[in-house]
Amino acid sequence: MQASGYTAVAALGQARAPVQVSVILPVHDAEPWLDECLGSVLQQDFEGSMELSIFNDASKDKSMTIIEKWKEKLEGSGILVVIGGHDSPSPRGVGYSKNQAIAQSSGSYLCFLDSDDVMMPQRVRLQHAAAVRHPTSIIGCQVRREPPNSTERYTRWINHLAPDQLLTQVFTSNGPTVIMPTWFCSRAWFSHVGPFDEGGRGVPEDLLFFHEHLRKGGGLVRVDQSLLLYRYHPGAATHSVLETTIWTHRVRFLEEWALPHWATFTIWNAGRQGRRLYRSLTAGSRCKVVAFCDVDENKIKKGFYCYEDSQERPKPRVPVLHFRAAQPPFVICVKLVSVRLGHVWLGQPQGQEVVCCVHQEAAG
């Protein structure tokens, strides 16, 4: 983490006693939503000590004016407000802003809040209680989407994954199964896993942290109450991340976290996305692919897939089988809305392709 801003804020607050929960709020040009967001911090029913740590990432609108107005209200209610930031010509990005907000804060627990979202009054209380019980977990919650009809299937996926699916669906194109705007965790665990990547615009800092969290054995817990109004709008930072970037990180994590446990595997889908997955694998992982499987008779009749761009000679030819003839384990790479394989549900809320690693005893 870079120290600029941290030393100055620490010097101003060095006499402060540590608080229980720091709400971490990065801000960049958030004028349209800040009043409602900051009001929701004031409305928290948590009875422990709490602070709000804001880092202003070169906002050019009236965000700072709104923050200064709310600072007095919040501190009058016993919520300390710590403000850092910079006024450079360009923002440094969400990862940098979160890291700086964390560095200048003092709470034993971190509650992450996006400046365009709104917390329900019980959020900090309920997630803090869960974090105390699960000190090495990321704690999430259910959400209510705004506008209500935006991303209906994705919202349903967020809210209704079963506890075991929080782990089994970590390879889907939706990203983290516990979504970043709902994260709550201990400072000690964040320090063990973090910090966030500071690459700036276009870097999925939440996905990269999520993967590192899993590498280090972290758990995933969701409080099954709607504790956040999760806003959807074209200006959201998530829209700056390219699908190809997400795909690359997902495939690399699949190769690191799942495929080393398997001597061979089958790719479920002989179509475009299954072939894309095959081509995206490293040579060592491609060698483990014993077959594609599908339900499409036209694909099955072809008998094999030839990797024409391969530098190998002869070029790899991978059999294409009917799924009933295929052998597990499987990497599922298909468009899904709701498919059941054994005890694992695979759903793709947005109707896009997913990569989901499933080791089943039988297909069907």
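Below is a short write-up of the structure. (Residues numbered from 1 in each chain as written. Predicted model: local features only at pLDDT ≥ 70, side-chain atom pairs only at ≥ 80, totals over all residues. Heavy atoms only, no water.)

As a further point, take the packing of helix H2 (residues 34–42) against helix H3 (residues 63–76). Contact geometry of H2 with H3 gives a least axis separation of 10 Å together with a crossing angle of 20°. Viewed along their axes, H2 and H3 adopt a mutual orientation that is roughly parallel. Crossing hand, H2 versus H3: right-handed. Of H3, the residues touching H2 (which contributes Leu 34, Asp 35, Leu 38, Gly 39, Val 41 and Leu 42) are Ser 63, Ile 66, Ile 67, Lys 69, Trp 70, Lys 73 and Leu 74. (Axes fitted to C-alpha atoms, helices over the stretch in contact; angles between N-to-C directions. Helix = DSSP H or I, 4+ residues; strand = E, 2+ residues; numbered from the N terminus. Parallel < 35°, antiparallel > 145°, perpendicular 65-115°, else oblique. Left-handed = near helix turned anticlockwise from the far one by under 90°. Contact = heavy atoms within 4.5 Å.)

For the rest of this paragraph, the subject is the pairing of strand E10 (residues 289–294). Among the 6 residues that make up E10, 5 are buried, leaving the element largely enclosed by the rest of the structure. Inspection of the sheet shows strand E9 (residues 265–268) paired to E10 by 4 bridges, in the parallel sense. Within E10, the residue paired with Thr 266 across the bridge is Ala 291. Bridging between E10 and strand E12 (residues 317–322) involves 3 bridges; their strand directions are parallel. Each bridged residue has a counterpart across the sheet, and for Asp 294 the counterpart in E12 is His 322. (Buried < 20%, exposed > 50% of the residue type's maximum accessible area, 1.4 Å probe, protein only. Pairing = 2+ DSSP bridges.)

A few words on the pairing of strand E1 (residues 21–27). Buried residues dominate E1, accounting for 7 of its 7 residues. Side-chain alternation along E1 places Val 21, Val 23, Leu 25 and Val 27 on one buried face and Ser 22, Ile 24 and Pro 26 on a second face that is also buried. Note that the unit made of E1, H2 and strand E2 (residues 50–57) has a crossover that is right-handed. (Right-handed = clockwise from strand over helix to strand, strands pointing away.)

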